Amino acid sequence: MTLHSDAVRVLERYGDQQGLRGVYLDHLREHPDGMWKDCADGHVTASALVIDPEGERVLLTLHRKLRMWLQMGGHCERTDPTLATAALREATEESGIPGLRMLRDEPVRLDRHHTPCAWHLDVQYAAVAPRGAVEAISDESLDLRWFAYHEVADVADESVVRLLEATRARL
């Protein structure tokens, strides 16, 4: 199975956000290269909101290029076997936390947004940090910080707030 076929499978099974889900599936049908950063019409990305094991805080990254507090995530790589592993890889790389585990194997939500380079069709998951996890800032971040749920709306945009709400509904 290719990453492209895994993405189609995941999106076909995803039960929420029917209209946006259709946009993603149409994109993948029209673009065999729709998983990769070099697809000029946009590409699928994978991200994960990292939550603490007590379920009271989330770890956000101050993105170096965008200068916004966001969940961990980014571009898929040709070595990623699935969207879920791409999201987990990105979360691990950007948080510096080994031993993250997915809250569930299915996405929490979808978010389509335009970046300075292209459209990102982000497939968003949630990952749980192990107890006592210590984060480490990566080259892609200016900062990493744990925020209580009630603090997220004060620092992050609506897409992160919606991701947090969707994640909390699944806890």
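Residues numbered from 1 in each chain as written. Predicted model: local features only at pLDDT ≥ 70, side-chain atom pairs only at ≥ 80, totals over all residues. Heavy atoms only, no water.

Below, the discussion takes up the overall build of the protein chain. The helix and strand tally for the protein chain stands at five helices and eight strands. In sequence order, the protein chain lays out its α and β elements as α-α-β-β-β-β-α-β-β-β-β-α-α. Here the C-alpha radius of gyration of the protein chain, 15 Å, is about what a compact globule of 171 residues would show, namely 16 Å. By its C-alpha atoms, the protein chain is 45 × 30 × 30 Å across when sized along the principal axes. Counting the 171 residues in the protein chain, one finds 53% classified as buried. Split by element, the accessible area of the protein chain, about 8,400 Å² in all, is 50% carbon and sulfur. Charged side chains of the protein chain number 20 positive and 29 negative; the gap between the two group centres comes to 2 Å. (Helix = DSSP H or I, 4+ residues; strand = E, 2+ residues; numbered from the N terminus. Rg over C-alpha atoms; globule rule 2.2 N^0.38 Å. Buried < 20%, exposed > 50% of the residue type's maximum accessible area, 1.4 Å probe, protein only. Areas by Shrake-Rupley, 256 points an atom, 1.4 Å probe, with all protein chains shown as cover. Lys, Arg positive; Asp, Glu negative; His and termini not counted. Charge placed at Lys NZ, Arg CZ, Asp CG, Glu CD.)

Here we come to the environment of Ala 7. Position of Ala 7 among the secondary structure elements: in helix H1 (residues 3-13). Sequence-wise, Ala 7 and Asp 26 are 19 residues apart; in three dimensions their C-alpha atoms are separated by 12 Å. Beyond its immediate chain neighbours, meaning those up to four positions away, Ala 7 contacts Leu 28, Met 35 and Leu 83. (Contact = heavy atoms within 4.5 Å.)

So, on to the pattern of salt bridges. Summed over the entire model, instances satisfying the criterion amount to 14 salt bridges. In this structure, Arg 78 engages Asp 38 in a salt bridge whose closest nitrogen and oxygen atoms are separated by 4.0 Å. One end of the pair, Arg 78, is in the loop between strand S4 (72-75) and helix H3 (83-95); the other, Asp 38, is in the loop between helix H2 (18-30) and strand S1 (43-51), with 40 residues separating them in the sequence. Each member of the pair Arg 78 and Asp 38 is classed as exposed. With its nearest N and O atoms 3.6 Å apart, the salt bridge here joins Asp 111 to Arg 162. (Salt bridge = Lys/Arg side-chain N within 4 Å of Asp/Glu carboxyl O.)

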